[in-house]
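Commentary on secondary and tertiary structure
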Amino acid sequence: MYKKYVLAIGTLFTSFIATAQQVRPATAGNIYHEIARLRHLTSVLYVAAHPDDENTRLLAYLVNDQHIRTAYLSLTRGDGGQNLLGSEQSEALGLIRTHELIEARKMDGAEQFFTRAIDFGFSKNHEETFRHWPKEQLTEDAVLAIRRLRPDVVICRFPPDSMAGHGQHAASAFIAEMSYKAAGDKSQFKQQIDRFPAWQPKRLLLNTYRFGTRNTTSEDQFKLAVGQYLPSMGMGVGELAGHSRSIHKSQGAGTPSVPGIQTEYFKLVAGDSFKVSMFDGIDITWGRVGRKDIGEDLQKILDNFNSLKPDASIPALIAVRKKINGVKDSYWRVQKLNEIDEAILHCAGIMVEYYTRQPEAVKGEELPFTLRVIARSSVPVTLKSIDWGGNDSTTNLRLPYDSLLTIEHKQTIPTNTPITQPYWLERSSGNPYLYYMPTDATAGLPQTPTSLQATLLLSVAGEQFSMNVPYSYKKLDPVKGDVVEQLRIVPDAAIAFSNDVMIARADGSVTAAVRIHAYKEMNGGYLSIVSDQTTKPVYELQGLNLRKGTDTLITFNIAVSNGKDYSIVPMLSTPNAGALHLIQYPHLPAMQYFTTPKAKVLQPTWKYTAKRIGYVEGAGDNIPTLLRLAGMEVDILKDADFADVANLSKYDAILTGIRVVNAEKRMAYWMPLLLQYAQNGGTLVIQHNTLNDMATTQLGPYPLKLSNKRVTEEDAAVTLTAPTHKLLTYPNKIDNTDFDGWVQERALNFPTEWDDRYATLLSMSDSGEPALTSGILYAATGKGHYIFTSLAFSRQLPVGNKGAIRLLLNMLSVGK
């Protein structure tokens, strides 16, 4: 019997492993919810395009008020957006937003899945989106989510038209409908059938909405009252939803927690009509499998549930467990055994953790671990055995009530353990708009399940349960207290250049530096630097000896004198050495991934006359780094610098970061000083901002009004409407070739109204749309110069786009 259920229990604890490094008991309120959920044999899948697109109020209602298993399928991980917290972009930002979704789901109780789609940035319509995204592969991923979850109802957030407000939003509606129709067809995506049989949901709905001027609701649509008060949480569904959505901190998506009943609207897209409930015509009780008696037993347990003594429900739950074991429908038997085992172990008040005191380890390394187990149950609980990961220990230890058991154990990390990183970043998909998607059970999950875990065999009231406990790193933080995170597996060494973009001297040479961190002692190592413009290494170092835990900076000169830009890659004589990216924010666990270490060396084709630059940090970008590499002196301006406008006079130009008036609230009183600096003879360059939560609406010396308009086609034609203007001629002559090779988008948040004293220099538009002429606004002000630009410099400079560099240097040099 034990072996029969190990696999099923392993599925049960996927949620524990994905969301926490400790196995902890649930609150009494959550246990009540788990038992209530056992009564329902149904699920719901919600589909949209990005992190924060989901209707958290509806998710929270379905999960916590209706006790129905609910999941959100996000087509993307949000990698194409902007980052309010730091400088991470692309896949790094996608990793942050993935974990923000995971944290949000912890709060509202729903599950989370993804497709392989890469968020390539804003698009105007679904036609543009599907020029990048292959429908077949994304439909396959969505079908997998449907077959995995087996929802009776699929709900899409957006309509397949312009009312969606974003091309990727509209595309998600197309994918939802195509996957809804394909999921029940055995001939579609046959490779999935062995693991997840075909499944046809009953109906597909559109959750209509009012967003600003876009209203897709109507009074003849199905209405659902949500927002109910949840006594177990001390808040209503709408309040819980506000907390959940506000986890999306990188997007600045703070959301009010609204108490009280509110109305959700729904429109039938496909499937059977409905009048009373979205589950009309579906038996969502145990009658679905011919076992109404189980539902009746569960209701009795709920009626008698004592929140002060959850363990009193264990005997009745075990009796129901035995009945579920006899259910003929294999899917619901396994699913409900998983759920009831989770509830029983929570009732028993069991906490388990297995941790070491160092954050990372290499394969084959031996570490001291501590296993701590405790049960708070009047029903007998016995620790029968421990599988440490290949080595079993028979214990047969009775766990006394609320008495902590501690076991010290030496643990060797298996040599076949994979490096810790997201599965979708392990390798390239070969398509710049798709992440890699494995063919195993990991596909579509929010993160890579850990392979490092100890397995405990417990006996509760004579019944056996298997519990998987991940290897963890635990430390005591003087501010946060206990911090418990995943033990990260790293290669023997990590290596990366100090800068991803470098600027060569006139002769093509450059001074470069690589930093090597040794996670394992290295003796007699070999380092070489190879270039895409040469057949032999451009630098070699032999006899490299590194001590474990040390950082070594190696500086060298290289020269490739053919006058072309080139790339360089370091090669280290240790397996899997790559560039380690470790992302840490207070609201998220540590996140780690690796890339091939490389740097781009640019041959300078520009001039500049500004020497010293002041920079006001916004929502995070890497522009100051590149300006320093170009030879400029860049100071990050702080509050003390704004004590007197005279302090700013030493700067040839001042540049503000993207979204500065959204991210920096002190701009309300910094901006007047910046404008006075320009009037006194300085040059002020303001990059794009959004309309959300602006610290000030005074963005320039004369009135201008922002909008959400943007040019998302990165290769959109650009017309120089004032080709002789100083900004386009000094010190670099700008022409159309300077807009070649731009990535993701041209410009965003264009002003739509501006004073006549501003001059416009450029015109551009997406296909079939009116031209936008305010990508650069220039005005003379007093003795100085003011420039507002919507151009996406923060996308172009980190990848070394030379045309964007030349144009920005002109802006900074216009006053010199």
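Just so we're clear, the structure is a prediction, and the values are computed from it rather than from any experiment.

If you tally the helices and strands in the protein chain, you get 17 helices and 44 strands. Here the protein chain has a C-alpha radius of gyration of 29 Å; the compact-globule value for 816 residues is 28 Å, and the two agree. Here the C-alpha coordinates of the protein chain stretch approximately 85 × 75 × 55 Å along the principal axes. Out of the 816 residues in the protein chain, the part that is buried amounts to 57%. For the protein chain, contacts bridging at least 24 residues in sequence account for 74% of all contacts bridging at least 6. With an accessible surface of roughly 32,900 Å², the protein chain has 49% of that area assigned to carbon and sulfur atoms. Across the protein chain, the 85 positively charged side chains and the 83 negatively charged ones have centroids separated by 2 Å.

Now for unusual backbone geometry. Residue Pro731 follows Tyr730 across a cis peptide bond; omega there is -10 degrees. Of note, Pro731 is situated in the loop between strand E38 (718-720) and strand E39 (747-748). Within the chain, Asn576 stands out as a residue other than glycine whose phi angle is a positive 65 degrees. Owing to a relative accessible area of 55%, Asn576 belongs among the exposed residues under this scheme. Even without a glycine there, the phi angle at Asn749 is positive, about 55 degrees. Along the polypeptide, Asn749 turns up in the loop between E39 and strand E40 (751-754).

In this section: the pairing of strand E35 (residues 683-686). Neither face of E35 is exposed, since Thr683 and Val685 on one face and Leu684 and Ile686 on the opposite face are all buried. In this structure, strand E34 (residues 653-656) lies alongside E35, joined through three bridges in parallel fashion. Bridge pairing in E35 places Thr656 opposite Ile686.

A separate point is the pattern of salt bridges. Pairing is possible between side chains of opposite charge, provided their charged atoms come close. Taken as a whole and assessed by the stated rule, the structure comprises 40 salt bridges. Asp565 is the salt-bridge partner of Lys802, the closest N and O atoms lying 3.1 Å from each other. Taken together, the residues Lys802 in helix H17 (residues 802-813) and Asp565 in the loop between strand E27 (551-559) and strand E28 (566-572) connect sequence positions 237 residues apart. Overall, the relative accessible area of 18% leaves Lys802 in the buried class.

Before going further, it helps to spend a moment on the nonpolar core. Residues Ile35, Ile350, Val352, Leu371 and Leu456 are the most contacted members of the largest nonpolar core, which totals 62 residues. If one sorts the elements of this core by residue count, helix H12 (residues 330-347) sits on top with eight residues. Those residues within four positions of Leu456 in sequence are excluded, and the remaining contacts are Val352, Leu371, Val373, Leu383, Ser385, Ile386, Phe465, Ser466, Met467 and Val469. Counting 48 residues, the second-largest nonpolar core is a separate cluster that includes Ile96, Ala145, Ala176 and Ala182.

Moving on to H17. For H17, which comprises 12 residues, the first-to-last C-alpha distance of 16 Å matches the rise-based estimate of 16 Å (1.5 Å per residue) to within 8%. Taken together, the buried positions of H17 are occupied by Lys802, Gly803, Ala804, Ile805, Arg806, Leu807, Leu808, Leu809, Asn810, Met811, Leu812 and Ser813. Structurally, the start of H17 carries an N-cap: the backbone nitrogen of Gly803 is 3.2 Å from a side-chain oxygen of Asn801.

Taken in spatial order, the seven strands line up as E3-E2-E1-E4-E5-E11-E8 in an open sheet, and their pairing is mixed. Strands at the two margins of the open sheet, each flanked by one partner only, are strand E3 (111-114) and strand E8 (222-226). Here the average twist between neighbouring strands, direction ignored, is 30 degrees. As paired strands, E8 and strand E11 (residues 262-271) are joined by five bridges and run antiparallel to one another. Pairing of Val226 across the sheet is with Gln262, part of E11.

Glancing now at the packing of aromatic side chains. Using the criterion set out here, one finds 22 aromatic pairs in the structure. When the ring of Phe222 is compared with that of Phe266, the centres are 6.3 Å apart and the planes differ by 50 degrees; the resulting orientation is tilted. With Phe222 in strand E8 and Phe266 in strand E11, this pair connects stretches of sequence that are 44 residues apart. When the centroid spacing of 6.0 Å and the interplanar angle of 55 degrees are considered together, the rings of Tyr758 and Tyr786 count as tilted.

Looking now at the pairing of strand E15 (residues 381-387). Most of E15 sits out of view: five of its seven residues are buried. For E15 and strand E18 (residues 453-460), the ladder comprises six bridges, and the chain directions are antiparallel. Counted as the bridge partner of Leu383 is Leu458 from E18. Of the pairings in the sheet, the one linking E15 to strand E16 (residues 392-398) comprises five bridges and is antiparallel in character. Across the sheet, Ser385 pairs through a bridge with Thr394, a residue of E16. Adjacent in sequence and paired antiparallel, E15 and E16 are bridged by four residues, among which Gly389 carries a positive phi angle near 115 degrees.

Using the criterion set out here, one finds two cavities of 30 Å³ or more in the structure. A volume near 80 Å³ is recorded for the largest cavity. In this structure, the largest cavity is lined by 14 residues; those nearest its centre are Gln82, Gln89, Ile658, Ser794 and Arg795. The residue inventory of the lining of the largest cavity, partitioned by class, reads four nonpolar, seven polar and three charged. Considered as a void within the structure, the second largest cavity measures approximately 40 Å³ in volume.

Right, let's get into the packing of helix H3 (residues 28-38) against helix H10 (residues 292-303). The packing of two helices is summarised by the inter-axis angle and the distance between the axes. Following both chains from N to C, one finds H3 and H10 inclined at 160 degrees, their axes separated by 9 Å at the closest point. When the axis of H3 is compared with that of H10, the two are roughly antiparallel. In this structure, the crossing between H3 and H10 has a hand that is left-handed. Contact residues: Tyr32, Ile35, Ala36 and Leu38 in H3; Leu298, Ile301 and Leu302 in H10. Considering only residue class, the contact of H3 with H10 consists of seven nonpolar, no polar and no charged.

Before going further, it helps to spend a moment on the side chain of Thr690. Here Thr690 shows up in the loop between E35 and strand E36 (704-706). Side-chain polar atoms of Thr690 contact the backbone nitrogen of Asn692, separated by 3.3 Å. Not counting residues within four places of it along the chain, the set of residues in contact with Thr690 comprises Arg659, Asn662, Leu706 and Asn749.

Glancing now at the sheet that holds strand E25 (residues 522-531). The strand order E23-E31-E28-E25-E26 describes an open sheet built from five strands, whose pairing is mixed. In the strand order of this sheet, the two ends are held by strand E23 (501-503) and strand E26 (539-546), each with one partner. Direction aside, the axes of adjacent strands within the sheet are offset by 25 degrees on average. Pairing analysis gives six bridges linking E25 to E26, with the strands arranged antiparallel. Counterpart to Gly525 in the pairing with E26 is Leu544.

Calculation notes
- Every residue gets a number counted from 1 within its own chain, in the order that chain's sequence is written.
- Two thresholds apply to this predicted model, a pLDDT of at least 70 for residue-level local features and 80 or more for giving and counting side-chain atom pairs, whereas whole-chain, interface and lining totals are computed over all residues.
- The basis for every side-chain value is the complete set of non-hydrogen atoms in the structure, without hydrogens or water.
- Helix and strand assignments follow DSSP, with helices taken as H or I runs no shorter than four residues and strands as E runs no shorter than two, numbered in order from the N terminus.
- What the globule rule says is 2.2 Å times the number of residues to the power 0.38, and the radius of gyration is computed from C-alpha atoms.
- Exposure is judged per residue with a 1.4 Å probe applied to protein chains only, and the accessible area is read against the type maximum: over 50% gives exposed, under 20% gives buried, and values in between give partly exposed.
- It only takes one pair of heavy atoms within 4.5 Å for two residues to be counted as in contact.
- Residue-level accessible areas treat just the shown protein chains as cover; the underlying method is Shrake-Rupley with a 1.4 Å probe.
- Counted as positive: Lys and Arg. Counted as negative: Asp and Glu, with His and the chain ends omitted from the count.
- Charge positions are represented by NZ for Lys, CZ for Arg, CG for Asp and CD for Glu.
- Pairs of strands are assigned from DSSP output, requiring at least two bridges between the strands.
- Salt bridges are defined as contacts in which a side-chain nitrogen from Lys or Arg sits within 4 Å of a carboxyl oxygen from Asp or Glu.
- Nine residue types can take part in a nonpolar core, namely buried Ala, Val, Leu, Ile, Met, Phe, Trp, Tyr and Cys, and a core is a set of them joined through side-chain atoms within 4.5 Å.
- A helix is expected to span 1.5 Å multiplied by its residue count minus one.
- Polar contact criterion, stated in full: a pair of N or O atoms within 3.5 Å, where within protein one must be able to donate a hydrogen and the other to accept it, and residues adjacent in sequence count only if both atoms are side-chain atoms.
- Fitting a line to C-alpha atoms yields each axis, with helices limited to the stretch in contact; the angle taken between N-to-C directions then spans 0 to 180 degrees.
- Side-chain rings of Phe, Tyr and Trp (the six-membered ring for Trp) are treated as a pair once their centres are within 6.5 Å; stacked means planes under 30 degrees apart, edge-to-face means over 60, and tilted covers the remaining angles.
- Cavity means a closed set of points on a 1 Å grid over the protein atoms alone, one where a 1.4 Å probe fits but cannot get out, pocket means an open set with protein on both sides within 12 Å along at least 5 of 7 lines, and lining means a residue has an atom within 4 Å of a point.
- Grid points are joined across faces, edges and corners, and a volume is the space filled by probe spheres set on the points.
- For this scheme, ten residues count as nonpolar: Ala, Val, Leu, Ile, Met, Phe, Trp, Tyr, Cys and Pro. Four count as charged, namely Asp, Glu, Lys and Arg, and the remainder, Gly too, count as polar.
- Comment on the angle field: the value is read as roughly parallel under 35 degrees, roughly antiparallel over 145, roughly perpendicular from 65 to 115, and oblique elsewhere.
- Less than a right angle of anticlockwise turn of the near helix away from the far helix marks a crossing as left-handed, whereas a clockwise turn marks it as right-handed.

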